[in-house]
Amino acid sequence: MFGTTPHLREMFPGLARDLRELRPHITMPDGATLRMALYPSRSTRLASMSYGMRVLTRRQHYNVFSEIYFRSLAWTLSPSDDRLDDSELGESAIKMWPVVDQWLQYGDDVTALDLRDLCRRGIPAVRHPLHDGRGEWVETFHSDITAFLEGQIPA
């Protein structure tokens, strides 16, 4: 997603440089965290910065710098200190997703890891939060800096 979002390259130049130069070890920038979940859906979504707020049924929000939903995993680069949690806006829709920042410490030399060791509390299976309760969310983004790619994987 860094290729589609100049804004993220400005926010996290070190991360963008590490990814662009294919460095063997990537440093997670201050203020960001990487989260992961299982995603069995054929629906795909790759997007940069967006914010969603659930306005019907319950209070919840979804705040990401970047997201990848592509079967079989979902990934988000999101704020590490979500000050909106436990506020009047409700909790984050990805709060229960494991934080996998430590995965960036592994280089190309690591060919296998046991997910049970990396995600001790388990890995939830998810749908995209904005598709869970369709019509209950308001999504905001900046049209000049946000990129969206959505579609279906053929059967």
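Nothing here was measured: the structure is a model prediction, and the numbers come from that model.

Bringing the overall build of the chain into the picture now. Assigned secondary structure in the chain consists of three helices and seven strands. Taken from the N to the C terminus, the helices and strands of the chain come in the order α-α-β-β-β-β-β-α-β-β. C-alpha extents for the chain along the principal axes are approximately 45 × 40 × 35 Å. Evaluated residue by residue, the chain yields a buried proportion of 41% over its 155 residues.

Turning our attention to the environment of Pro-79. Within the fold, Pro-79 resides in strand E4 (residues 72-79). Sequence separation between Pro-79 and Pro-6 is 73 residues; the distance between their C-alpha atoms is 18 Å. Filtering out sequence-adjacent residues up to four positions away, Pro-79 remains in contact with Gly-31, Thr-33, Asn-63 and Phe-65.

Attention now goes to the pairing of strand E2 (residues 43-54). Counting buried positions along E2 gives nine out of 12 residues, so the element sits mostly inside the fold. In this antiparallel pair of consecutive strands, E2 and strand E3 (residues 60-70), the connection spans five residues, and Thr-57 shows a positive phi of 70°. Pairing geometry for E2 and strand E6 (residues 137-140), over four bridges, is antiparallel. By the bridge assignment, Tyr-51 is partnered in E6 with Thr-140.

Okay, helix H2 (residues 13-20) next. All buried positions along H2 are accounted for by Leu-15, Ala-16 and Asp-18. Along the axis of H2, the buried residues cluster in a sector spanning 160°; they form a single face. Check the buried side of H2 and you find it contacts helix H1 (6-11) and E4. In the segment just after H2, Leu-22 is the residue with positive phi, at about 50°.

What follows covers the packing of aromatic side chains. For the structure on display, the rule yields five aromatic pairs. The interplanar angle of 75° and the centroid separation of 5.2 Å between the aromatic rings of Tyr-39 and Tyr-69 together place this pair among those described as edge-to-face. You can see Tyr-39 sitting in strand E1 (residues 32-39) and its partner Tyr-69 sitting in strand E3, a full 30 residues away along the chain. Ring geometry for Tyr-69 and Trp-97: centres 6.0 Å apart, planes at 70°, overall edge-to-face. In this pair, Tyr-69 sits in strand E3 while Trp-97 sits in the loop between strand E5 (91-92) and helix H3 (115-118), placing the two residues 28 residues apart along the sequence. Its relative accessible area of 0% is what places Tyr-69 among the buried residues. Members of the aromatic cluster, connected to one another through ring pairs, are Tyr-39, Tyr-69 and Trp-97.

Let's shift gears to unusual backbone geometry. Here the amide bond leading from Arg-71 into Ser-72 is cis, since omega sits at 25°, within 30 degrees of zero. Inspection of the secondary structure puts Ser-72 in strand E4. Backbone geometry places Leu-22, a non-glycine residue, at a positive phi of 50°. Its location among the elements puts Leu-22 in the loop between H2 and E1.

Turning our eyes to something else, we now look at the confidence of the model for the chain. When pLDDT is averaged across the chain, the result is 84; 93% of the residues are at 70 or more. For the chain, H3 is the element with the lowest average pLDDT, namely 73, and E1 is the one with the highest, namely 94.

Taken as a whole, this structure holds six salt bridges when the rule is applied. Taking the shortest distance from any N to any O, the salt bridge between Glu-139 and Arg-45 comes out at 2.5 Å. In this pair, Glu-139 sits in strand E6 while Arg-45 sits in strand E2, placing the two residues 94 residues apart along the sequence.

How each quantity is defined
Residues numbered from 1 in each chain as written. Predicted model: local features only at pLDDT ≥ 70, side-chain atom pairs only at ≥ 80, totals over all residues. Heavy atoms only, no water. Helix = DSSP H or I, 4+ residues; strand = E, 2+ residues; numbered from the N terminus. Buried < 20%, exposed > 50% of the residue type's maximum accessible area, 1.4 Å probe, protein only. Contact = heavy atoms within 4.5 Å. Pairing = 2+ DSSP bridges. Arc of directions from axis to C-beta. Phe/Tyr/Trp six-rings, centres within 6.5 Å; stacked < 30°, edge-to-face > 60°. pLDDT = per-residue confidence, 0-100. Salt bridge = Lys/Arg side-chain N within 4 Å of Asp/Glu carboxyl O.

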